[in-house]
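Chain residues, written in single-letter form:
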Amino acid sequence: MSVESSSRTIHRPDDARAPRLSEVLEVLEELWPAALSEDWDATGLVAGRPDARIRRIHWAVDPVQAVADEAVHHAADLLITHHPLLLKPVNSVAATGFKGRLIHTLIESGCALVTAHTNADSAVGGVSDVIARILDLRDIRPLQQAGAGLDEEGIGRVGELPAAQTLQEFATAVFSAMPSVAGGVRVAGDPTGLVSTVAVCGGAGDSLFDAVRAAQADVYVTADLRHHPASEAREAAGLTGDRPYLIDVSHFASEWLWLPEAAEATQRALADRGYDVECAVSSVNTDPWDFILTPGR
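Residues numbered from 1 in each chain as written. Predicted model: local features only at pLDDT ≥ 70, side-chain atom pairs only at ≥ 80, totals over all residues. Heavy atoms only, no water.

K.L.:
Tell me about the sheet that holds strand E9 (residues 219–223), and please be specific about residues and values.
P.N.:
Sheet strands pair via backbone hydrogen bonds, and the direction of the pair is either parallel or antiparallel. In spatial order, the strands read E5-E6-E8-E9-E10-E7; together these six strands make up an open sheet with mixed pairing. Two strands bound the open sheet, and with one partner strand each, they are strand E5 (138–145) and strand E7 (186–188). Going from strand to strand, the sheet's axes swing by 25 degrees on average, the running direction of each strand aside. Sheet topology places E5 next to strand E6 (residues 154–166); five bridges connect them, and they run antiparallel. Residue pairing across strands places arginine 141 opposite valine 158, the latter belonging to E6. Helix H6 (residues 127–134) contacts E5, E6 and strand E8 (194–204) of the sheet and is inclined by roughly 145 degrees relative to E8. Against the sheet, helix H7 (residues 167–177) touches E6, E7, E8, E9 and strand E10 (245–249), its axis set at about 125 degrees to E6. (Pairing = 2+ DSSP bridges. Helix = DSSP H or I, 4+ residues; strand = E, 2+ residues; numbered from the N terminus. Axes fitted to C-alpha atoms, helices over the stretch in contact; angles between N-to-C directions. Contact = heavy atoms within 4.5 Å.)

Printed below as a string of structure tokens:
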């Protein structure tokens, strides 16, 4: 799957029925409640006037300059990103730095900025839910249940394949489902080993190995697997039947899959309130890597 071929406009706006930013925020709160955010996270409204009219919403994984420029080019009134721009405190948003430059680009063009991060990871219909559905998992449940919220909410998901597959077959399906990025997909385990129970976590998930083992997952699909956690997980698996196998995907790619469904869910929820907006998914590939070198075969 390529990011470019999946970028799409969902709906043309009717200016007479455009909601205010405050009303869009109410819908986002219904879909991805702020209470589901992790304590360390920074979600919600970053820039924008609550009474501003929102006719076009642009969706992206990362708040980078190319995405801001794209949103402005498409006359977006609101940019919603999965990752926060201001996760760490700053003392200035002067345009002399890249974060300040991005903020100035959006504000000067009348485009608000909102972040839906770990709340969108945990919520029903969130990042890991989408991955689980795309991989055709059944009996989906949270990998680590949320401290507050519904039983179905939490970080990561676990589910069952309709029929057992070899690790090679399943890894190939994962690769095919992801947007194309330089790093591809890395796999640890016996290619001929059968997998049925699958754990997934969009974004960086190597802090959840205890939950993966408790779920008795045959394979764990996540991103940003660091050397030591992955090595220790493989060593521990060697004592208990070599499970779980590991599939390491791009952080960007794993979370990009959520964007089209999030955009559609938001458009539907606003339409239910009588509002008319256009939602578009960014075509910018914000994976940080440009190319990879591998040993010749």
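Picking up where we left off.
K.L.:
How would you sum up the nonpolar core? Please name residues and give values.
P.N.:
Side chains that are nonpolar tend, in soluble globular proteins, to be buried together. One finds Ile57, Trp59, Leu78, Phe170, Ile247 and Trp258 to be the most contacted residues of the largest nonpolar core, which totals 54 residues. Counting residues per element, this core draws most heavily on helix H11 (residues 258–272), which supplies six residues. Those residues in contact with leucine 78, other than ones at most four positions away along the chain, are Leu21, Val24, Ile54, Arg56, Ile57, His58, Cys111, Ala112, Leu113 and Val114. Grouped together as the second largest cluster of nonpolar side chains are 16 residues, Ala211, Val212, Leu225 and Ala233 included. (Core = buried A, V, L, I, M, F, W, Y, C linked by side-chain atoms within 4.5 Å. Buried < 20%, exposed > 50% of the residue type's maximum accessible area, 1.4 Å probe, protein only.)

K.L.:
With reference to specific residues and values, describe the packing of aromatic side chains.
P.N.:
Per the stated rule, a full pass over the model turns up four aromatic pairs. Here tryptophan 32 and tryptophan 59 contribute two aromatic rings whose centre-to-centre distance is 6.1 Å and whose plane-to-plane angle is 70 degrees, an arrangement assigned as edge-to-face. Of this pair, tryptophan 32 sits in the loop between helix H2 (21–31) and strand E1 (44–47) while tryptophan 59 is found in strand E2 (residues 56–60), placing the two residues 27 residues apart along the sequence. With respect to burial, tryptophan 32 and tryptophan 59 carry one shared label: buried. With a centroid separation of 5.9 Å and 80 degrees between ring planes, the pair formed by tryptophan 59 and tryptophan 258 is classed as edge-to-face. Of this pair, tryptophan 59 sits in strand E2 while tryptophan 258 sits in helix H11, placing them 199 residues apart in sequence. Its relative accessible area of 0% is what places tryptophan 59 among the buried residues. (Phe/Tyr/Trp six-rings, centres within 6.5 Å; stacked < 30°, edge-to-face > 60°.)

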